[in-house]
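# Topology and contacts: notes
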Amino acid sequence: MTTKLNIQPGIMGVKPYVGGVSKIEGNANAIKLSSNENPLGPSPKAIAAYQAEAGHLHRYPSESHAGLRELIAATYKLDVDRILMGCGSDEIISFLCRAFAGEGDEVLYTEHGFGMYQISARLSGATPVSVPEKNRVTDVDALLGACTENTRLIFLANPNNPTGTMTPDAEIARLADNMPEGCLLVLDGAYADFVYGFDGGAGFVEARDNVVMTRTFSKIFGLGGLRIGWGYGPKDVMEVLSRLRGPFNVSSAALVTAKAALEDTEYTEHCRAENEKWRGWLAAELEKIGLPSDPSFANFILIRFKDEEEALAANAHMNENGLIVRMVANYNLPHAMRITIGDEQSCRQVVAALTEFKAG
Ligand SMILES: *Cc1c(COP(=O)(O)O)cnc(C)c1O
């Protein structure tokens, strides 16, 4: 090395994000249930829109994202001017940290909260603070107790990943009412579309000046590979965030495909119904063989084993049977296993493999 590198604070403290395993050595037909992807894939209309875009790839994408933002605004009844598109909702999370949390500032997230909160906080030089949950549910008293005069952001996924549980509206209101001034509450609605009649936190954004919502096309819309998500918040907050955005942060393919996916409400409805059906079935079948889980509101369940040893043995057995699931020891849940709700056949295979495992 010839130069002394001037590395910015926080960067070397980051442990890289570990995504879901996607392959099993020697098994080309493994079923991946480790990243909460839509087992049915995106809408066929979205795929067609993506393919139609192929002839225009020499063109730069829209800078304003106007067409898609208007559709999002109309679909969810929001103010189009306060919608910000990102390269995945991960990018909105990182904008929030860069904009509002630097050295000496604290970013709170719940004990079993999504890994990107901690990473983004560190990358912006801030201090991530993990706050205990109560039986895998957000503990608002603990969050409020952890607030200091340096707290700038509180991240809360609702439904939460990897627990699948939800924080009741009244508790969210209590948190937003009592957190310190100058602190923003970020409601991550990555799984909001799986919950019937749920606005993902939009109502809180409309009613307050200290709540931001993030959403994604990666989950129910089945577009994780395209990288597109969005944020919604108070005008002054969104004006700050939009300054961090590169003009072409979302590709033209992502814009047209997301638009077609959002328009195909019938397909989304079908995905929501299938998820609900097989999630209920899977949880009930696993409960019968001694593998409990909390009622999940998302497209996965988190089953609990006796201890870490049993969880690891079960995971090995799943792999032998061509099933890839997510171990969540790094989310402080070493005795648990997160299983994405697959299609009918995948769910049946999961039950068969775990039944065999339990029978020893
Ligand atoms: C999957 C997920 C996201 C989505 O991230 P993208 O960058 O939009 O793909 C965000 N938050 C949580 C809690 C998630 O599980």
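Numbers given to residues run from 1 along each chain, matching the order in which its sequence is written. Given that this is a predicted model, residues contribute local features only at a pLDDT of at least 70 and side-chain atom pairs are listed and counted only at 80 or more, while totals for whole chains, interfaces and linings are drawn from all residues. Side-chain calculation: all heavy atoms of the structure are included, whereas hydrogens and water are not.

## With respect to the nonpolar core
- Buried Ala, Val, Leu, Ile, Met, Phe, Trp, Tyr and Cys residues form a nonpolar core when they are joined through side-chain atoms within 4.5 Å. We call a residue buried when its accessible area falls under 20% of the maximum for its residue type, exposed when it is over 50%, and partly exposed in between, using a 1.4 Å probe and counting protein chains only. M85, I154, L185, F217, I228 and W230 are the most contacted members of the largest nonpolar core, which totals 54 residues.
- Every helix listed is a DSSP run of H or I at least four residues long, and every strand listed is a run of E at least two residues long, numbered separately from the N terminus. It is helix α9 (residues 252–263) that contributes the most residues to this core, seven residues altogether.
- Domains are outlined according to an automatic or database domain assignment. Residue assignment places this core across two domains, with domain 1 (20–42 + 266–359) and domain 2 (44–263) each supplying three or more.
- Grouped together as the second largest cluster of nonpolar side chains are 29 residues, I92, I93, A126 and F155 included.

## As for the site of the ligand
- Nearness is judged by heavy atoms alone; a residue qualifies as near a molecule or strand once a single heavy atom is within 4 Å of it. Surveying the vicinity of the ligand reveals 14 residues, the closest of which are D188, Y191, T216, S218 and K219.
- In protein, a polar contact requires one atom able to donate a hydrogen and another able to accept it; more generally it is a pair of N or O atoms within 3.5 Å, and residues adjacent in sequence count only if both atoms are side-chain atoms. D90 is positioned with one of its backbone polar atoms (N or O) 3.0 Å from an oxygen atom of the ligand.
- K219 places a polar side-chain atom, nitrogen or oxygen, 3.2 Å from an oxygen atom of the ligand.
- Methods summary: accessible areas were calculated by the Shrake-Rupley approach with a probe of 1.4 Å, and residue burial reflects only the protein chains presented. Relative to its free-state accessible area of 390 Å², the ligand is covered by the protein chains to the extent of 94%.
- Asp, Glu, Lys and Arg are counted as charged, while Ala, Val, Leu, Ile, Met, Phe, Trp, Tyr, Cys and Pro are counted as nonpolar; the rest, among them Gly, fall into the polar class. Residues that form the shell around the ligand fall into these classes: five nonpolar, five polar and four charged.

## Quick look at the packing of helix α1 (residues 44–52) against α9
- All axes here are fitted lines through C-alpha atoms, helices being fitted over the stretch that makes contact, and every angle between N-to-C directions spans 0 to 180 degrees. Put simply, α1 and α9 touch, their axes get as near as 8 Å, and they point 155 degrees apart. It follows that α1 is roughly antiparallel to α9 by the angle criterion. For α1 against α9, the interelement crossing comes out right-handed. From α1, K45, A46, A49 and Y50 reach across to α9, where they touch A253, V256, T257, A260 and A261. When describing relative orientation, an angle under 35 degrees is termed roughly parallel and one over 145 degrees roughly antiparallel, while 65 to 115 degrees is termed roughly perpendicular and anything else oblique. By convention, the crossing between two helices is left-handed when the near helix turns anticlockwise from the far helix through less than a right angle, and right-handed when the turn is clockwise. The contact rule is simple, with two residues in contact once any of their heavy atoms fall within 4.5 Å.

## So, unusual backbone geometry
- For the bond from N158 to P159, the omega torsion is -5 degrees, close enough to zero to count as cis.
- Tracing the chain through its elements places P159 in the loop between β5 (151–157) and α6 (169–178).
- Backbone torsion omega between N161 and P162 reads 15 degrees, so that peptide bond is classified as cis.
- One can find P162 in the loop between β5 and α6.

## Describing the side chain of R82
- Its place among the elements puts R82 in the loop between α2 (66–76) and β2 (83–86).
- A distance of 3.1 Å separates polar atoms of two side chains, one belonging to R82 and the other to Y232.

## Points about the domain arrangement of the chain
- Splitting the chain by domain gives domain 1 (20–42 + 266–359) and domain 2 (44–263).
- Ranking the residues of domain 1 by area buried against domain 2 places P42, F297 and Y331 at the top, with a combined share of 29%.
- A side-chain nitrogen of Lys or Arg and a carboxyl oxygen of Asp or Glu constitute a salt bridge if their distance falls within 4 Å. Counting every contact that joins domain 1 to domain 2 gives one salt bridge.
- Inspection of the region where domain 1 meets domain 2 yields nine residue pairs in polar contact (both at pLDDT 80 or more).
- Contributing elements (two or more residues each) for the side of domain 1 that touches domain 2: α10 (265–288), β9 (300–304) and β12 (333–340).
- With eight residues, α10 is the largest single contributor of residues to the side of domain 1 that touches domain 2.
- In terms of residue class, the side of domain 1 that touches domain 2 is made up of twelve nonpolar, eight polar and six charged. For any pair of parts, buried area is found by adding up, for both, the accessible area (1.4 Å probe) each one loses once the two are put together.

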